[in-house]
Amino acid sequence: MTAQTLRTTCNRDCPDACAILATVTDGVVTQLRGDPEHPVTRGFLCFRTSRFPEMAAMAERIGQPMIRRHGRLEPATWEMALDLIAKKLVQVRSESGPAAIFHYRSGGSLGILKHLSDLFFDQFGPCTGKVGDICSGAGEAAQMHDLGTSDSNDLFDLHNSRHIVLWGKNPVVSNIHLVPVLNEAKARGARVVLIDPIHHKSASLAEETLVPAPGRDFELAMAVARCVLDAGRVDPQAAVYCDDLPAFRSMVEQRSVGEWAHLADVTEAQARALADRFLDGPTAILVGWGMGRRQRGGAIVRALDALAAITGNLFRSGGGVSFYFRRRKAFRAFGPPVQHPRVIREPLLGHDLLAAKDPPVRVLWVTAGNPVAMLPDSATVAKAIEATEFVVVADCFMTDTARRAHVVLPVPTLLEDSDLMGAYGHHWLGESRPVVPMPRGVKHEVQIFQELARRVDLASFPQDTIDNLKRHALLDVAGQGASLESLRKDGAVRSPVADPLLFPQGRVFTPSGRVQLLTNAPPEPELLQPPNLPGASAPLWLFSNSTEKSQASQWAGKGLGERTWCIVHPDVVPGLKAGAPVRLHSASGSLAAELRLDPAQRKDVVIVPKGGHFDRGQSANVLIAARATDLGLGAAYLDCLVRIVPE
Ligand SMILES: Nc1nc2c(c(=O)[nH]1)N[C@H]1C(S)=C(S)[C@@H](COP(=O)(O)OP(=O)(O)OC[C@H]3O[C@@H](n4cnc5c(=O)[nH]c(N)nc54)[C@H](O)[C@@H]3O)O[C@H]1N2
Ligand SMILES: Nc1nc2c(c(=O)[nH]1)N[C@H]1C(S)=C(S)[C@@H](COP(=O)(O)OP(=O)(O)OC[C@H]3O[C@@H](n4cnc5c(=O)[nH]c(N)nc54)[C@H](O)[C@@H]3O)O[C@H]1N2
Ligand code: SF4
Ligand SMILES: [Mo]
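Quick caveat: nothing in here was measured; it's all calculated off a predicted structure.

Rules and cut-offs
- Residues numbered from 1 in each chain as written.
- Chains lettered and ligands numbered in written order.
- Predicted model: local features only at pLDDT ≥ 70, side-chain atom pairs only at ≥ 80, totals over all residues.
- Heavy atoms only, no water.
- Helix = DSSP H or I, 4+ residues; strand = E, 2+ residues; numbered from the N terminus.
- Buried < 20%, exposed > 50% of the residue type's maximum accessible area, 1.4 Å probe, protein only.
- Core = buried A, V, L, I, M, F, W, Y, C linked by side-chain atoms within 4.5 Å.
- Contact = heavy atoms within 4.5 Å.
- Domains from an automatic or database assignment.
- Buried area = accessible area lost by both parts, 1.4 Å probe.
- Salt bridge = Lys/Arg side-chain N within 4 Å of Asp/Glu carboxyl O.
- Polar contact = N/O pair within 3.5 Å; in protein donor to acceptor, adjacent residues only side chain to side chain.
- Nonpolar A, V, L, I, M, F, W, Y, C, P; charged D, E, K, R; others polar.

1. Observations regarding the environment of Arg616
Then, in step 1: Along the chain, Arg616 turns up in the loop between β26 (605-609) and β27 (641-646).
Then, in step 2: Accessibility expressed as a relative area gives 36% for Arg616, which makes it partly exposed.
Then, in step 3: Sequence separation of Arg616 and Asp400 is 216 residues, and the distance between their C-alpha atoms is 9.0 Å.

2. Some remarks on the nonpolar core
Then, in step 1: With 67 residues, the main nonpolar core has Ile85, Leu89, Phe120, Trp365, Leu409 and Leu452 as its most contacted residues.
Then, in step 2: Here this core takes 7 residues from helix α3 (residues 78-96), the largest share from any one element.
Then, in step 3: The residues contacting Leu89, other than those within four sequence positions of it, are Ile101, Phe120, Phe121, Phe124, Val363 and Leu452.
Then, in step 4: In terms of nonpolar packing, the next biggest core, distinct from the first, is built from 62 residues, Val165, Val301, Tyr324 and Leu518 among them.

3. Points about the environment of Leu354
Then, in step 1: Counting through the fold element by element, Leu354 comes out in helix α14 (residues 349-355).
Then, in step 2: We classify Leu354 as partly exposed; its relative accessible area is 34%.
Then, in step 3: Distance in space between the C-alpha atoms of Leu354 and Thr380 is 8.6 Å, their sequence separation being 26 residues.
Then, in step 4: Excluding residues that lie within four positions of it along the chain, Leu354 makes contacts with Thr380, Lys383, Ala384 and Ala387.

4. Section: the domain arrangement of the protein chain
Then, in step 1: Examined at the domain level, the protein chain breaks down into domain 1 (66-131 + 332-421 + 428-494), domain 2 (149-326 + 501-516) and domain 3 (540-646).
Then, in step 2: For domain 1 and domain 3, the distance between their C-alpha centres works out to 30 Å.
Then, in step 3: Counting from both sides, the interface comprises 18 residues of domain 1 and, opposite them, 21 residues of domain 3.
Then, in step 4: Summed over both partners, the interface of domain 1 with domain 3 buries about 1500 Å², with 62% contributed by carbon and sulfur atoms.
Then, in step 5: If you sort the residues of domain 1 by the area they bury against domain 3, Pro347, Met374 and Pro376 come out on top, with a joint share of 35%.
Then, in step 6: The interface formed by domain 1 and domain 3 holds 2 salt bridges in total.
Then, in step 7: The closest approach of N and O atoms between Asp615 and Arg404, which form a salt bridge, is 2.9 Å.
Then, in step 8: The tally of links between domain 1 and domain 3 comes to 13 residue pairs in polar contact (both at pLDDT 80 or more).
Then, in step 9: Residue composition of the side of domain 1 that touches domain 3, grouped by class: 11 nonpolar, 2 polar and 5 charged.

Here it is as C-alpha cells:
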C-alpha cells in the first residue's frame, strides 16, 4: 500500500477556497483534510467536501459523453459529441447568426480557467450571453455604486474590531472558515451581533441576536442612522467624504427611531443598542447574502454602506462593510470584456429564453450550473430549456438540467480539476491540481474548447497547455510573489494586489472619490399572494437557505426520502405534528414537504433547503416567481409568500 499526500484547492462556489490535503492510497482518495498551514483553512474542511468521495459515489457521475437519440441520452464517443456540436454551432451561426447561440455559465467551479468558455463564445460569435447575477448581483451593484468597488479589508483586520455585525449571514453553515476568525476576534474583546429573521446556528457566535421582519433591514438601518443623527454623532469628516449627506439626513428624519424600529419589528431599545455599537470603537459590518436577494436588495445594502460611512467605520481598521472579496482581481483576463449582441437576464432566464426572437435561441450551452433547479420559476426554466432546439450541458453529475440536454459532456470534479482560484471570503490565491486522474471518458473543459476551436476553425483561441494558461492568468502578479511556482511551493499566496485596508487613502473608488449615500427610501416590494385554500396557514415568508450538507443542488436531496422538508414555528400549523405531510402553495406553484417544528422561529416564516432537485419535486424554486432586484439584476428569491396546507 502506498499512501501519498497531495495538495489542491477547493473550487466550489463558496467564500472559503480551502487548501485541501488529499491522502491518496493506491490511486484512491482515502482522506481529505484542510491544510493546517493555510491561514484561513486551518486544517479543517466543511462536511460537503471532507465527505466528497462518498457523496460523489452516491451521485450519478457522468463518465462519458452522451447524445440524445430517439428521445434518450445514450453513451457516445468524444469524436461523435464534438463533431456533432461543431457542426451544429457552425450551421446555426450561418443560418441565424451568432445571437442564436446562448452560453450560460454559473459557479459550479470558481476556477479562473472556466472563463475560457466565455472567450470561446465571444470569438465564435460574439454570442448571446447572460447579464445580472442571481447570487450577489444586488449587493455588488450597490457597493460599486456607493464605494466604486465591492471588496473588503483583510480578513484578519477583524481582529481589530470592537463590534462585528453579522448582518443576514450564517457563517456556521455557508462560510465556515470565518468562524475561527470571529472566535479570535471575540477572544480579543470583539462583540458579535447577528441580525437575521431566521434563528440559526450562527446565533451561538453572537452575544445578541436581532430578529427583524423579513426584508426590513432598510428600516432597521434607518432606525440606527436616526439614533446617530439625533445624538449628533455623525463622523465630522462625513460631509467631506460623502456626497448627499443633507439628502440622506432628510430621508432618515422622515421617521422617528421608534417608528423605523416598529417597521423593522425590533424594539426601539434594540435599535438604540445597535447604534451604540457603531459609535463605540471600530465596528465591522459583514453583509450576508439573504437580504440582497429581495426586490429592495440593492437599497438595503446601500443603507448598510451608508451606516458604515456616517459612523466613521468605513475607513477605519476594524471597521468596513464587507460583502465580497474581489476574487478575480489578481488574474489577467483572457480577452477584452465580452460584447454580447443580445443578453438574457439571469433572474428571468426562463422568460427571456422563451421570449427571444429574431433570432430565437437555437443553441444553449450550460456549464457549471443547474439552472433548472437553481433559478427562480424553475418550471418555466425547464420549459424554456426543453423548447430549445439544441442544448449542451457540461457537468460532472447528471442534473435536472443535464437530463434535458441533447449532448452531455463530462468534466472533472473538484478532486480532478486543474485551475487557479481566488476566494470571495479572503484574499488568498490557490491552485487546484488533480489529486486523482480523471476517469478516461472525462475531459478538462479547456481541452473541450480547444478541440472545438480546431473543429470550427477558431485560430485565435489559445491552444496552450493548462500550466501556460495559468501562467498567463498570473502575469500581473507573478513578479510580486504570486507566480505559479510560488503557489505550488507554498500552497497558497496572499494576493499582492489586495491592500490590508480596502481604502488606504481614506477615499473610496467612485468617480467623485466620495461615498454615494442613498437618498430615497425604496418602494415597497410587490408581493404575490398565495392562494387561500381550505385549512391553509396565514401567508409566510419563504426562506430557502443553505444547508450544511449540500452545495446548492449538489448532494441536495440525499437522505431526504420522498419529500423535502419545511420548518415553521408550531403555532403556524396548530394541530399538526412534526413529520406531517404538508404542501406549500405560492402564487407560482406548490411543493410537497415534510413538516418540522421549531419554536425558535418567527411565526411569519417558513424555511426550506436551498438546492432541492426539480425532477424529484424538491426544488423551492417552483414556488418562487422570477423577479429582478432593484440593482444588479439579482434574483428576488426571498420576496416569496407561501401558505402551508396539510396533505
Ligand atoms: N453549506 C453551504 N455553503 C454554501 C452554499 C451552500 O449551498 N451550502 N452556497 C454558497 C453560495 S452559492 C453562496 S452565494 C454563499 C452564501 O450562501 P447563501 O445561500 O446566501 O447563504 P445562507 O446561509 O442561506 O445565508 C443567507 C442568510 O440570509 C438571511 N436572510 C434572508 N433574508 C434576510 C433579510 O431580509 N434580512 C436579514 N437580515 N437576513 C436575511 C437568511 O436567513 C440566511 O441566514 O455561501 C456559499 N456556501
Ligand atoms: N431558492 C433558492 N435558489 C437559489 C439560491 C437560494 O438561496 N435559494 N441561491 C442561489 C445562489 S447564491 C447560487 S450561486 C445559485 C447556484 O446555482 P448553480 O451554480 O446552478 O449551482 P449548483 O446546483 O451547485 O450547480 C453547479 C453545477 O456545476 C457542476 N460542476 C462542478 N464543477 C464543475 C466544473 O468544473 N465544470 C462544470 N462544467 N461543472 C461543474 C456541479 O456538478 C453542479 O451540477 O443558486 C441560486 N439559487
Ligand atoms: S466548500 Fe467551502 S468550506 Fe468546503 S472545502 Fe470547499 S471552500 Fe472549504
Ligand atoms: Mo451564490
